[in-house]
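Residue-level listing of the chains:
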Amino acid sequence: QVQLVESGGGLVQPGGSLRLSCAASGSIFSIYAMGWYRQAPGKQRELVAAITSGGSTNYADSVKGRFTISRDNAKNTVYLQMNSLKPEDTAVYYCNADGRARGGSEHWGQGTQVTVSS
């Protein structure tokens, strides 16, 4: 069983930065693809960024050049560095661990609120 705990959300002014962290329990972290999703009020949950077990990344067009996803397998942690934040980035951000390609399952964190406002 994989458990995910997010941290690092909060209130930031437009143009500011935040770094989200997602700590995962379990020894299988290194083989799972990890991702960050977000859900704004009244909208569907959407993929923000993802990173494979091999370190390949992909990003939503809306965050390319501003957000960076990374992982530290030794610490069982995935990060999302968010720069040049905009009000439209306001959402609950969720960490995702997807092991289905390796015969595992998919797991979600509880979410952390990010609010971008002056």
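Structure's up top.
Residues numbered from 1 in each chain as written. Predicted model: local features only at pLDDT ≥ 70, side-chain atom pairs only at ≥ 80, totals over all residues. Heavy atoms only, no water.

A.B. asks: A description of the overall build of the chain should follow, citing residues and the corresponding values.
C.D. replies: Regarding its fold elements, the chain presents zero helices and 11 strands. Each helix (α) and strand (β) of the chain, taken in turn from the N terminus, gives the series β-β-β-β-β-β-β-β-β-β-β. Against the 2.2 N^0.38 benchmark of 13 Å for 118 residues, the chain shows a C-alpha radius of gyration of 14 Å, consistent with a compact globule. Taking the principal axes of its C-alpha atoms as reference, the chain extends roughly 45 × 25 × 25 Å. When the 118 residues of the chain are sorted by exposure, 41% land in the buried category. Once local pairs closer than 6 in sequence are excluded, the contacts in the chain between residues at least 24 apart make up 54%. Looking at the chain as shown, the accessible area adds up to about 6100 Å², and 46% of this sits on carbon and sulfur atoms. Averaging the positions of the 11 positive and the 8 negative side-chain charges in the chain gives two centres separated by 3 Å. (Helix = DSSP H or I, 4+ residues; strand = E, 2+ residues; numbered from the N terminus. Rg over C-alpha atoms; globule rule 2.2 N^0.38 Å. Buried < 20%, exposed > 50% of the residue type's maximum accessible area, 1.4 Å probe, protein only. Contact = heavy atoms within 4.5 Å. Areas by Shrake-Rupley, 256 points an atom, 1.4 Å probe, with all protein chains shown as cover. Lys, Arg positive; Asp, Glu negative; His and termini not counted. Charge placed at Lys NZ, Arg CZ, Asp CG, Glu CD.)

A.B. asks: Go over the pattern of salt bridges, please, and point to the residues and values.
C.D. replies: By the definition in use, this model includes six salt bridges. With its nearest N and O atoms 3.1 Å apart, the salt bridge here joins Lys64 to Asp61. The exposure class of Asp61 is exposed, given its relative accessible area of 64%. Put simply, Glu106 and Arg100 hold a salt bridge, and the shortest N to O gap is 3.6 Å. (Salt bridge = Lys/Arg side-chain N within 4 Å of Asp/Glu carboxyl O.)

A.B. asks: So what about the state of the cysteines? Which residues, and what values?
C.D. replies: In the structure shown here, the tally under the stated rule is one disulfide. A sulfur-sulfur distance of 2.1 Å marks the disulfide that ties Cys22 to Cys95. Across the S-S bond of Cys22 and Cys95 the torsion is about -85°, and the bridge reads as left-handed. Linking Cys22 in strand E3 (residues 18-24) with Cys95 in strand E9 (residues 91-98), this pair joins segments that are 73 residues apart in sequence. Accessibility assignment for this pair places Cys22 and Cys95 in one class, buried. (Disulfide = S-S within 2.5 Å.)

A.B. asks: So what's going on with the nonpolar core? Which residues, and what values?
C.D. replies: Within soluble globular proteins, side chains that are nonpolar tend to cluster in buried spots. Of all hydrophobic cores here, the largest spans 29 residues; its most connected members are Met34, Trp36, Val78, Leu80, Met82 and Tyr93. For this core, the secondary-structure elements that each account for two or more residues are E3, strand E4 (33-39), strand E5 (46-51), strand E7 (67-72), strand E8 (77-82), E9 and strand E11 (112-116). (Core = buried A, V, L, I, M, F, W, Y, C linked by side-chain atoms within 4.5 Å.)

A.B. asks: Give a description of the pairing of E8 that names residues and reports values.
C.D. replies: The buried count for E8 comes to five of six residues, which makes it a mostly enclosed element. When E3 meets E8, the two strands line up antiparallel, connected through six bridges. Within E8, the residue paired with Leu20 across the bridge is Leu80. In this antiparallel pair of consecutive strands, E7 and E8, the connection spans four residues, and Asn76 shows a positive phi of 50°. (Pairing = 2+ DSSP bridges.)

A.B. asks: Give me the lowdown on the sheet that holds E7, citing residues and values where you can.
C.D. replies: On the basis of which strands lie adjacent, the open sheet formed by four strands has the order E1-E3-E8-E7 and antiparallel pairing. At either end of the open sheet lies a strand with only one pairing partner, and these are strand E1 (4-7) and E7. The sheet shows a mean angle of 15° between the axes of neighbouring strands, direction not considered. (Axes fitted to C-alpha atoms, helices over the stretch in contact; angles between N-to-C directions.)

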